[in-house]
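Descriptive analysis of the structure
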Amino acid sequence: MKRKKSKNEIKKEVLPSELLLRLGIEKEDVLFWVKNDMTSSSFLGESYLIAHKKGVYSIIPDGDVIFKEYSLIDDIFAETYVSSGSIMISENKEAAPFASFSLATAKKAEEFISFVRKTVKNTEEMQKRPDYVGEKDEFINKGRKKLFLRVLSYVPRYKAELFTVIAIIILSSLVNVVKPYLTGRILYDEVLTEGGMFYGKIFPFVLVFIGVNALTVVFGIVQGRVGAGISGKIIYDIKTEVFESMQKLGMSFFTSKRTGNLLNRINSDALDIQYFLNDGLPNFIINFLTIAIVGLVLFITNPLLSIAVLIPVPLIAFIIKSSARKFKKLKWHTWRRSSNMNSAINDTLLGIRVVKAFGREEHETRKFKEISNALYENRVREGIASAKVFPLLSWIMTAGGLMVWGLGGSQVISDKLTFGELMSFVGYLELLYNPVNFMVKTFDWWTNCMNSAQRIFEVTDRERDIKESENPIEIKKMRGEIELKNVTFSYEPNRNVLKNVSLKIHSGEMLGLVGHSGAGKSTITNIITRLYDVPDGEVLIDGINVKKIKSESLHSNIAMVLQETFLFSGTIKENIAYGRPDAKFEEIIDAAKKANAHGFITALPDGYDTQIGKNGIDLSGGEKQRISIARAILMDPAILILDEATSSLDTQTEKQIQQAIEELIKGRTTIAIAHRLSTLRNANRLAVVEDGKIVECGTHKELMDIENGIYKSMVEKQIHALDYTEVEK
Amino acid sequence: MNELNYLSPENGEFYELETGLIAYRDNKKDYGRVAVLRMFPLEYKDEFLSVRTENYERRDKNNEIGIIRKLSAFNALQQEIVLRELEKRYFVPEITKVESIEEEFANSIWKVETTAGKAEFTVNDMGSNLLNLGNNKIMLTDVFGNRYIIPDITKINDKAVKVIEIWI
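No experiment lies behind these values; they were computed from the predicted model shown.

**Here's the deal with the side chain of Glu-79 of chain A**
Tracing the backbone through its elements, the reader meets Glu-79 of chain A in strand β5 (residues 75-80). A relative accessible area of 8% places Glu-79 of chain A in the buried class. Aside from chain neighbours lying at most four places away, what touches Glu-79 of chain A is Gly-85, Ser-86, Met-88 and Phe-101 of chain A together with Arg-33 of chain B.

**Notes on the sheet that holds strand β1 (residues 12-16) of chain B**
Residues and elements named next belong to chain B. Ordered in space as β1-β2-β3-β4-β5, the five strands form an open sheet in which the pairing is antiparallel. With partners counted over all chains shown, the strands left at the sheet margins are β1 and β5 (64-70), one partner each. Pairwise comparison of adjacent strand axes, ignoring direction, gives a mean angle of 35 degrees for this sheet. Sheet analysis places β1 next to strand β2 (residues 22-26), joined by five bridges and oriented antiparallel.

**Comments concerning the packing of aromatic side chains**
All names here are of chain B. Within this structure, the stated rule accounts for 16 aromatic pairs over all chains. A centroid spacing of 6.2 Å and a plane angle of 75 degrees characterise the contact between Phe-40 and Tyr-44, whose relative ring orientation is edge-to-face. For Tyr-44, a relative accessible area of 32% gives the class partly exposed. An aromatic cluster of three or more residues is present, and its members are Phe-14, Tyr-24, Tyr-31 and Phe-74. Across from the ring centre of Tyr-15, 3.9 Å away, lies the NZ or CZ of Arg-25, which sits over that ring.

**So, helix α3 (residues 158-165) of chain B**
Owing to its 3.6 residues per turn, the α-helix brings residues three or four apart onto one side. All names here are of chain B. Residues of α3 that are buried: Ala-160, Val-161, Val-163 and Ile-164. Along the axis of α3, the buried residues cluster in a sector spanning 160 degrees; they form a single face. Exposed and facing more than 90 degrees away from the buried side of α3 are Asp-158, Lys-159 and Lys-162. Residues of α3 that are buried sit in contact with β6 (95-104), β7 (107-114), α2 (126-129), β9 (130-134) and β11 (147-150).

**Regarding a positive patch on the surface**
A surface patch of like charges, here positive, comprises Lys-321, Arg-325 and Lys-328 of chain A together with Lys-162 of chain B. Within the secondary structure, Arg-325 of chain A is located in helix α9 (residues 312-350). When its relative accessible area of 53% is taken as the criterion, Arg-325 of chain A is described as exposed.

**Quick word on empty space enclosed by the protein**
All names here are of chain A. Within the structure shown, the criterion is met by four cavities of 30 Å³ or more. Estimated volume of the second largest cavity: approximately 40 Å³. Around the second largest cavity sit Ile-527, Tyr-532, Asp-533, Val-534, Val-539, Asn-545, Val-546 and Lys-547, which together line it. Class assignment of the residues belonging to the lining of the second largest cavity gives a composition of five nonpolar, one polar and two charged.

Thresholds applied
- Residues numbered from 1 in each chain as written.
- Chains lettered and ligands numbered in written order.
- Predicted model: local features only at pLDDT ≥ 70, side-chain atom pairs only at ≥ 80, totals over all residues.
- Heavy atoms only, no water.
- Helix = DSSP H or I, 4+ residues; strand = E, 2+ residues; numbered from the N terminus.
- Buried < 20%, exposed > 50% of the residue type's maximum accessible area, 1.4 Å probe, protein only.
- Contact = heavy atoms within 4.5 Å.
- Pairing = 2+ DSSP bridges.
- Axes fitted to C-alpha atoms, helices over the stretch in contact; angles between N-to-C directions.
- Phe/Tyr/Trp six-rings, centres within 6.5 Å; stacked < 30°, edge-to-face > 60°.
- Lys NZ or Arg CZ within 6 Å of the ring centre and 35° of its normal.
- Arc of directions from axis to C-beta.
- Patch = residues over 30% accessible without salt bridge, like charges linked within 9 Å, V, L, I, M, F, W, Y side chains within 5 Å.
- Areas by Shrake-Rupley, 256 points an atom, 1.4 Å probe, with all protein chains shown as cover.
- Salt bridge = Lys/Arg side-chain N within 4 Å of Asp/Glu carboxyl O.
- Lys, Arg positive; Asp, Glu negative; His and termini not counted.
- Charge placed at Lys NZ, Arg CZ, Asp CG, Glu CD.
- 1 Å grid on protein atoms, 1.4 Å probe; cavity = no way out; pocket = protein on both sides within 12 Å on 5 of 7 lines; lining within 4 Å.
- Points joined across faces, edges and corners; volume = space filled by probe spheres on them.
- Nonpolar A, V, L, I, M, F, W, Y, C, P; charged D, E, K, R; others polar.

Written out as structure tokens, the structure reads:
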């Protein structure tokens, strides 16, 4: 199973010529091929799928070959298992395994299948494809350096602020270096020593020192303020960019497995970057400059003593580095355990009704105690570990200091060094050790920041799967004619949800879609609204492929009312006007009236200004549904999609909403999905969807006339069920 | 509610089609090709198996023929046929040796030897793609959704253990 470390270049792979030789075929006669990654249903390894002009080969280098002639192939399809899949070919209605593939090759296998299918369908119309170009790995893996530069690339947008910060950083490093000189050399040799330049001028010295300290504080404040401004803005930029890119991504991104993960992270990831840019980077520069300047000053003034100062530095760096891994591990454990604890609390509180109903309070408490105890133990371990390392570090620093004292002291006695100079040295000692400690820590921050940056750029760099065509066609007002032509669609590779569906809906017609759950009804509406693009076949509105229609036109002409109504936080008014924020008050009220919602809205204390989800105002399911219908009415769409719009409501409420819906569908093309067939009594035609195909289509009467028809049996079942409801009444 | 229909060697048998695929017939009917699914894949390898007609993926049909409570009740040949089918469907390589794990930000690139041959794969965000199944058993899911099992974490090289330790 070859999953190369993704590089950003597209790798061109070539079909090995030995294989062609072995099969005795010419390269020119190979129409399409893919490199596969399994040699049998239970073994990984290189193999090839080749579509030749006569038939298909599955070949394993130094292994078996299977050949199937096109004329004998009835069908080719894939079955997907837990971590692998099989390409199946059926001859004489009997399917046999042709090749196995791992999920890494699932996409390629699907391409192969759809190619073979087309070829089988029309063997004359042979499309020649050049050598297969290995596709770009979607998981971006840029080098650290590149990533780092990219994070930094956000910075130059704020040149003036940046300049200030750098200037301040340099100044504070300088002040840092000056301080030990003042408290050592100047204080002892010039102020306190007879004959010194400022002998006896203690108060002026103290004032100067206070002034210098004040400078540090001022620098710190300025740097903090400007820095916070920049990094705040950068985070704002990054978050907005991420949010914007996410909004533009197709539905498939949001339903993919890794989404929840990514979404939750955007916030904490952005925060990691902020920490780094705000605290990590500037302090890194300050400390780096300080070390450099101090080192230089020390060596110039007293090389011998400098060496004594520097001896413990590698030792300190080593200890910090080697304990860092352990600390990181402990920190991780703590983090994971505390997040475990949080989710345990969350689960129990959210599900408190279930917990109580099943009498599982004690069980939950016990579970919580276990988790809490694990966290406690880890915290203790963390404490013990740091209790070992930090005293050791401080001992080394003290020892280093004493060494300087000893060496320097003897130099002072032999008059090679003044007492003040010695004091300066001791001061520098601290100036050196602290930054070393800090630099090691910065490394962690840096790693965190890069991790976060990677995840964030993964979202922003993701290519849009639903792209606006280059010259989109704008349709101000659609007629509402919808046509599906031979549409095949799948959410996941190889699991077709729609299979060669063709359907025509006339302008102003109401079409009911019925069928079991999972049959593909909602998928039909999803592709009409272009939440997903179809790979095979066409979706046309007013005779134009939806891929060519301007997405704005598409959205302003199609409205959906779904089973799960979603109201945004905001007022009822804003929610009704969601699709048309410029709507006039009269229009909003008119829409609400038509939706049978006006009555209950005005009865609320705040009327149309009621904040949803606030002040204890909680709307019922039916009320929410009516608001979302008003939203659709206000849009005045040419096409209306009702996806189980009333199924979560009781019959009484449904009746009220039914009236609203009748108002809504007047003069529009409507596609309604419903389980309760009575909801569809106004439909002009009904289409029965089963297993991704439209199996029956016609008026109620036509469908009822089909002997053993699916629709007929559904109606009969529901009538039977209705009998019971009648009895209950 | 339908009652559970247990399949037993007395009322039916598994056999192999010419294509090598598994089929089932009982004294009433020959079902042709069937699919066998584990109901508790993590706990039971050869118990609680659901036998379905070929188009088992269709959720709108009740296409379960019956349940095998314990595969061991069937004869050796039938057991072998069923197990082969299960092994194909639940093919998950077991990692026997870790050659290297290269960590690159949120991704880690694994080079391993498995029961199904050598493999190289990328795991993104170990926090959510490394699952501790208990008893030192670890499951990894790579960026494509392929799974890999480490049957016993204590039996693979120390270096690899160190890398994943913090995620366990």
